[in-house]
Amino acid sequence: MPKVYLLDYVAGNVRSLVNAIEKVGYTVEWIREPADVAKADKLILPGVGHFGHCLSQFEQGGYVEPIREHIKSGKPFMGICVGLQALFESSEEDPNVKGFGIIPGQLVKFDDSTKSVPHIGWNSANTSKGNEVTRESLFGLNPSSKYYYVHSYAAPYRKGYYEADGWSVATARYGEEEFVGAIAKDNIFATQFHPEKSGIAGLRVLKAFLDGTRLDTLKEQPSLATSKEGLTRRVIACLDVRTNDAGDLVVTKGDQYDVREKEGVDAGGQVRNLGKPVDMARKYYEQGSDEVTFLNITSFRNCPLADLPMLEILRRTAETVFVPLTIGGGIRDSVDTDGTKVSALEVAKLYFKSGADKVSIGSDAVTAAEEYEAAGKKLSGQTAIETISNAYGRQAVVVSVDPKRIYVRSPEETPHRTIKTKFPGPNGEEYCWYQCTIKGGREGRDFDVHQLVSAVEAMGAGEILLNCIDKDGSNSGFDLELISTVKETIKIPVIASSGAGNPAHFAEVFEKTTTDAALGAGMFHRGEYTVKQVKDYLESEGLMVRRFEE
Ligand code: 1PR
């Protein structure tokens, strides 16, 4: 099989990129030292995390000159995400660090006054300009396809600016901001999105680069109507995973977090078994799920860390599922079976190396947030959120919140921030606050959801997975009041979770709140609806979704 060279400096999830490259018929050779760069015919520069950190690593590793030489020699070069950003002169993210300066201009942070930042989700890379419909595909890009982006800084698009210098540009729009989604000139091609995480559409782009197919004729006529908007409505399938009583890892699902059967043949307290994690993840990918989340809900530690069964599940899932994968459960400082201390950062690293794009932190985030408040909102630099976010970037850290309603008669009854609810409590109470819980809802804390989300945003979390114990498994729709109040508090994206029972519940949460994504579990696992049915319904309601491409 033909080869492509990949720079082995990256901390992030390169396994998915390797899987994607192999999927389109190439093998990967690693560049482990600067001298290896000269051996490369085709070179890919993946990049994750912080611009300054990434560029300093190239600099310290002695890669800058060899990469420049490669590009100058006219051999094919592709940059991905921070690999694209590295080609520019500089970035607001770290003005003291210089980029390669091959593309003119500076990357700037998205304006977060009207939208969530980071920009996470599926957006365009549109080569059509204005009303002019292009029939040509640049490196397999299709104006009607959607690609997976995750970043806070971008190169603003100015009509004609890059083109005057000979660049071809594909753009995306986030709110009012139009930015560079992909850019190409001669032997250089770079994407701000992750092709390895963009399903079939992304694999097509990787293949076109590797095959050297710069320009092709579009097979389908692109629709301009769908290509000009911003992010699609993100629909996520979530798999709660744990060992059952026979010792097998199964997908399970609780009602208000209770996962044991209460009726039927398995009644008598067996863990509800809804299927095999890898097979189910693949099924949801094929139904068009925009991401797949695994939550290891018992996050057991009775085997050596490196053998954790979840690592194997991730590795196998990442071979066939080319959308972002999140893993949660047990991301915290821990002690291995042989007594060795393992930091949360090392635990996360194992998951990233096995194919995870994001880790999700539950109980540990609550404890860390409580300590942050108690210390007068001072960052310690030592928490799981901070260490992982500093090393892998904010976008790689999700905080999973498990709140439950505590009803009160009036806001004066509690120091916590209350809301007036349309759904009064058991004794007619018209107010409630949302209490944070840990250990899968088993322990309630004297800490509310606002305190938690504000603290973890300050600590470097990139996204909130907002569950709701009262709604979990209820099929009665999302807790819109909870979602709205959390969205008012923070700028980072929120994934609404708990309570989805049918496609209309997804439409409702997107129409009545500003949630950035919505997640379902039980309704998919029980086979009541497919992800595709949810997306078809959203589309019929005029909400833009990513269509699954064959
Ligand atoms: O505390 O960092 O080890 O993480 C543990 C993780 O496991 C947390 O993310 C926590 O939410 C999750 N978890 C722990 N116990 C349970 C349980 O169910 N007994 N599951 C649990 C949480 C909630 C959602 C669920 C939605 C949608 N599950 O993931 O998928 O509520 O369900 P629905 O659509 O069927 O209503 P740590």
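Keep in mind it's a predicted model, so treat the numbers as computed, not measured.

Trainee: It is not clear to me how the overall build of the protein should be interpreted in this structure. Could you clarify?
Mentor: Helices and strands together make up the secondary structure of the protein, namely 16 helices and 29 strands. Along the first, second and third principal axes, the C-alpha set of the protein runs to 75 × 55 × 50 Å. In the protein, which comprises 550 residues, the share counted as buried stands at 58%. When contacts within the protein are restricted to residue pairs at least 6 apart in sequence, those whose partners lie at least 24 apart make up 71%. Positive and negative side-chain charges in the protein, numbering 64 and 77 respectively, have mean positions lying 2 Å apart.

Trainee: Is there a simple way to explain the site of the ligand in this structure?
Mentor: Contacts to the ligand come from 26 residues, most closely from Ser363, Ser400, Asp402, Asp472 and Ser498. Ser400 is positioned such that a nitrogen or oxygen atom in its side chain is 2.6 Å from an oxygen atom of the ligand. Between Asp472 and the ligand, the recorded distance is 2.6 Å, taken from a side-chain N or O atom to an oxygen atom. Elements supplying a minimum of two residues to the shell around the ligand: β15 (234-243) and β29 (517-520). For the shell around the ligand, the class distribution of residues is 7 nonpolar, 14 polar and 5 charged.

Trainee: Help me understand the sheet that holds strand β10 (residues 153-154), please; the structure alone is not making it clear to me.
Mentor: Through backbone hydrogen bonds, the strands of a sheet pair up, either in parallel or in antiparallel fashion. Spatially, β5-β6-β10 is the arrangement adopted by the 3 strands of the open sheet, whose pairing is mixed. Of all the strands in the sheet, just β5 (88-91) and β10 have a single pairing partner and so form its edges. Judged from the 3 bridges that link them, β5 and strand β6 (residues 103-109) form a sheet pairing that is parallel. Across the sheet, Ser90 pairs through a bridge with Gln106, a residue of β6.

Trainee: Even after reading the chapter, I still don't get the environment of Gly328, so can you show me in this structure?
Mentor: Of note, Gly328 is situated in strand β18 (residues 325-328). It is 38 Å that separates the C-alpha atoms of Gly328 and Gly101, two residues lying 227 residues apart in sequence.

Trainee: For this particular structure, what's the right way to read the nonpolar core?
Mentor: Counting residues in hydrophobic clusters, the biggest one holds 162 residues, and the most contacted among them are Ile44 and Tyr351. Looking at which element gives the most residues to this core, the answer is helix α5 (residues 199-211), with 7 residues. Each of domain 1 (3-227) and domain 2 (234-540) accounts for three or more of the residues forming this core. Apart from residues lying up to four places away in sequence, Ile44 is in contact with Val4, Tyr5, Leu6, Leu7, Leu17, Ile21, Met78, Ile80, Leu206, Phe209 and Leu210. The next biggest cluster of nonpolar side chains, apart from the first, holds 9 residues, and it includes Ile236, Leu295, Val398 and Ala517.

Trainee: I would appreciate a short explanation of unusual backbone geometry in the present structure.
Mentor: One can expect most non-glycine residues to show negative phi and most peptide bonds to be in trans. In this structure, Pro118 follows Val117 across a cis peptide bond, with omega equal to 5°. Considering the arrangement of structural elements, one finds Pro118 in the loop between β6 and β7 (119-123). Positive phi values are uncommon outside glycine, yet Gln256 reaches one of about 50°. Mapped onto the secondary structure, Gln256 falls in the loop between β16 (249-252) and α7 (277-286).

Trainee: Just to check I follow, could you spell out the packing of aromatic side chains for this structure?
Mentor: Here a ring pair, both rings aromatic, is described through the centre-centre distance and the interplanar angle of the planes. Following the criterion strictly, the structure yields 17 aromatic pairs and no others. With a centroid separation of 5.3 Å and an interplanar angle of 85°, the aromatic rings of Phe110 and Tyr174 are classed as edge-to-face. Of this pair, Phe110 sits in the loop between β6 and β7 while Tyr174 sits in strand β11 (residues 168-174), placing them 64 residues apart in sequence. The pair Phe110 / Tyr174 is uniform in exposure class, with both members buried. Put simply, the rings of Phe110, Tyr147, Tyr149, Tyr174, Phe179 and Phe193 pair up and form one aromatic cluster. Positioned above the aromatic ring of Tyr174, the side-chain terminus of Lys115 is 5.3 Å from the ring centre. For Arg546, the ring lying beneath its charged end belongs to Trp122, and the centroid distance is 3.9 Å.

Trainee: Sorry if this is basic, but what is going on with the pattern of salt bridges here?
Mentor: A side chain with one charge can pair with a side chain of the opposite charge if their charged atoms come near. Per the counting criterion, the structure on display carries 30 salt bridges. Of the charged contacts, one joins Glu443 and Lys439 as a salt bridge, the two residues approaching to 3.1 Å between their closest N and O atoms. According to the relative accessible area criterion, Glu443 is partly exposed, its value standing at 26%. Relative accessible area serves as the criterion here: at 47%, Lys439 is assigned to the partly exposed category.

Trainee: Honestly, the packing of helix α10 (residues 363-374) against helix α12 (residues 449-459) in this entry has me stumped. Any pointers?
Mentor: Two quantities define a packed helix pair, namely the angle between the axes and the distance from one axis to the other. Here α10 crosses α12 at 85°, and the two axes come no closer than 9 Å. With respect to each other, α10 and α12 are oriented roughly perpendicular. Across the interface between the two elements, Ala365, Val366, Ala368, Ala369, Tyr372 and Glu373 from α10 touch Gln451, Leu452, Ala455, Val456, Ala458 and Met459 from α12. For the contact of α10 with α12, the class distribution of residues is 10 nonpolar, 1 polar and 1 charged.

So, how was this worked out
- Residues numbered from 1 in each chain as written.
- Predicted model: local features only at pLDDT ≥ 70, side-chain atom pairs only at ≥ 80, totals over all residues.
- Heavy atoms only, no water.
- Helix = DSSP H or I, 4+ residues; strand = E, 2+ residues; numbered from the N terminus.
- Buried < 20%, exposed > 50% of the residue type's maximum accessible area, 1.4 Å probe, protein only.
- Contact = heavy atoms within 4.5 Å.
- Lys, Arg positive; Asp, Glu negative; His and termini not counted.
- Charge placed at Lys NZ, Arg CZ, Asp CG, Glu CD.
- Near = heavy atom within 4 Å.
- Polar contact = N/O pair within 3.5 Å; in protein donor to acceptor, adjacent residues only side chain to side chain.
- Nonpolar A, V, L, I, M, F, W, Y, C, P; charged D, E, K, R; others polar.
- Pairing = 2+ DSSP bridges.
- Core = buried A, V, L, I, M, F, W, Y, C linked by side-chain atoms within 4.5 Å.
- Domains from an automatic or database assignment.
- Phe/Tyr/Trp six-rings, centres within 6.5 Å; stacked < 30°, edge-to-face > 60°.
- Lys NZ or Arg CZ within 6 Å of the ring centre and 35° of its normal.
- Salt bridge = Lys/Arg side-chain N within 4 Å of Asp/Glu carboxyl O.
- Axes fitted to C-alpha atoms, helices over the stretch in contact; angles between N-to-C directions.
- Parallel < 35°, antiparallel > 145°, perpendicular 65-115°, else oblique.

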